[in-house]
Amino acid sequence: MKSIFDTISFNCSRDVTKAYSTSFSSAVRMLAPSIRQDIYNIYGFVRFADEIVDSFHDFNKSELLDRFETDLKASIKDKISLNPILNAFQHTVHKYSIPSQLIDSFMKSMRLDLFKTTYETKEDYEQYIYGSADVVGLMCLKVFVNGDAQKYNALEHSAMKLGSAFQKVNFLRDLKTDHEILNRTYFPDTDLNNLNEDAKQKIISEIEADFKVGYEGISALPLEAKFGVYTAYVYYRSLLSKLKKIPSTEIKNKRIRVPDYQKYGLFAKCYLTYRLNFI
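Note that the structure is a prediction, hence the values are computed from the model and not measured.

Conventions we followed
- For every chain, the first residue of its written sequence is number 1, and the numbers climb from 1 along that sequence.
- Confidence filtering applies because this is a predicted model: local features only for residues at pLDDT of at least 70, side-chain atom pairs given and counted only at 80 or more, and all residues used for totals across whole chains, interfaces and linings.
- As a rule here, side-chain values cover all heavy atoms of the structure and leave hydrogens and water aside.
- To qualify as a helix, a DSSP run of H or I must reach at least 4 residues; to qualify as a strand, a run of E must reach at least 2; elements of each kind are numbered from the N terminus.
- Restricting the calculation to C-alpha atoms gives the radius of gyration, and the globule rule supplies 2.2 Å times the number of residues raised to the power 0.38.
- In this scheme, a residue with accessible area under 20% of its type's maximum is buried, one over 50% is exposed, and one in between is partly exposed, where area comes from a 1.4 Å probe on protein chains only.
- Residues are treated as being in contact if the distance between any of their heavy atoms lies within 4.5 Å.
- Values of accessible area rely on a 1.4 Å probe in the Shrake-Rupley scheme; residue burial ignores everything except the protein chains shown.
- What makes a patch is a set of residues exposed beyond 30% relative accessible area and free of salt bridges, joined within 9 Å when like-charged and within 5 Å when nonpolar (Val, Leu, Ile, Met, Phe, Trp, Tyr).
- Each salt bridge in this description consists of a side-chain nitrogen of Lys or Arg and a carboxyl oxygen of Asp or Glu lying within 4 Å of one another.
- A pair of Phe, Tyr and Trp rings is counted when the ring centres sit within 6.5 Å of each other, with Trp represented by its six-membered ring. The angle between the planes then sorts it: under 30 degrees is stacked, over 60 is edge-to-face, the rest tilted.
- Think of it as a cone above the ring: NZ of Lys or CZ of Arg counts as a charge over the ring if it is within 6 Å of the ring centre and within 35 degrees of the ring normal.
- Two N or O atoms form a polar contact when they lie within 3.5 Å of each other; inside protein one atom must be a possible hydrogen donor and the other a possible acceptor, and for residues adjacent in sequence the pair counts only when both atoms belong to side chains.

This next bit is on the overall build of the protein chain. The helix and strand tally for the protein chain stands at 12 helices and zero strands. The helix and strand sequence of the protein chain, counted from the amino end, reads α-α-α-α-α-α-α-α-α-α-α-α. In summary, the protein chain has a C-alpha radius of gyration of 19 Å against a globular reference of 19 Å for 279 residues, a match within 12%. In terms of its C-alpha atoms, the protein chain occupies a principal-axis envelope of roughly 60 × 50 × 35 Å. Relative to its 279 residues, the protein chain shows a buried fraction of 52%. In the protein chain, the share of contacts with a sequence separation of at least 24, taken over all contacts with a separation of at least 6, comes to 70%. Summed over its atoms, the accessible surface of the protein chain is roughly 13,800 Å², and 53% of this surface lies on carbon and sulfur atoms.

Okay, here's the thing in structure tokens:
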């Protein structure tokens, strides 16, 4: 029965989220049950594409990404895929009318990671972030507003900025892996071999500005999404606070994380803030 296969597909997307990101999966659990699975479905899709370009070094990444994109397009057209992750994603695409432009922009940025190693202009940098992060925020926003076009248009800019902030925090946290293993430099006009405090502060100020706009949108989200998105926001803000304290000469040599005991404290504070209607 198709329903059994769909359930297996949904479970795969949920398991991928939990396996690859305990922090994000914790935030997803703060969403209303009615939308939780669809966010798992989106995450599973973007995670698999990202893994192809970032992790499968012993294989032909270009061929794998080509095959993945071909299967993706077929899954959306046929409303089914024997790839459980794509089968789950196409379900969410059709359920919330996620525009193909968002999906195409995401795949374009993933393809850039196959060959582009530096982003020398702000325009190229912003275009990459739009495809790799902003559109993911917009896909999730489609789920959050559940077809309310007016709400979507009102929150579109803040959702993009929040996606940008999350991505830039990841860039700053993953400098060592991106630069030394993947040979990538995302931040324009930045010499990562000689990163100084001024350059680091410029990046952090940019992220904080994105967070400010992103937070404005969180307060206007539907109740089903507000707590979960706010939890993710607080988690990434805590990562940024840790990064601010690390000297520029050391930031490339360690990967910052929030210990589990601190996460539980953050989540408890988020819940209290939410329940007191302070968001």
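Having seen it, we continue.
Below, the discussion takes up the environment of L182. In this structure, L182 sits in the loop between α9 (175-181) and α10 (197-218). For the pair formed by L182 and L243, sequence separation is 61 residues and the distance between their alpha carbons is 21 Å. What L182 contacts, discounting residues up to four positions off in sequence, is D54, H57 and T177.

The subject of this paragraph is a nonpolar patch on the surface. A cluster of nonpolar side chains, contributed by M1, I4 and I8, occupies part of the molecular surface with about 350 Å² of accessible area. By the element assignment, I4 lies in helix α1 (residues 2-20). Residue I4 is classed as partly exposed on the basis of its relative accessible area, which comes to 47%.

With the rule as written, the count across this model stands at 16 salt bridges. A salt bridge links D15 to R14; the shortest N-O distance between them is 3.7 Å. Of the residues examined, D15 reaches a relative accessible area of 42% and is grouped as partly exposed. Accessibility expressed as a relative area gives 27% for R14, which makes it partly exposed.

The subject of this paragraph is unusual backbone geometry. The phi dihedral of K79 is positive, around 60 degrees, even though this residue is not glycine. Despite not being glycine, N146 has its phi angle at roughly 50 degrees, a positive value. Topologically, N146 is positioned in the loop between α7 (122-145) and α8 (149-173). When its relative accessible area of 58% is taken as the criterion, N146 is described as exposed.

A few words now on the packing of aromatic side chains. Per the stated rule, a full pass over the model turns up 18 aromatic pairs. Linked through ring pairs, F166, F211, Y215, Y230, Y233, Y235 and Y236 together constitute an aromatic cluster. Against the face of Y152 rests K142, its NZ or CZ located 4.4 Å from the ring centre.

Note on placement: R184 falls in the loop between α9 and α10. For R184, a relative accessible area of 4% gives the class buried. A polar contact is formed between the side chain of R184 and the backbone oxygen of V53, at a distance of 3.1 Å. Beyond its immediate sequence surroundings of up to four residues, R184 is in contact with V53, D54, D113, K116, T117, D178 and H179.

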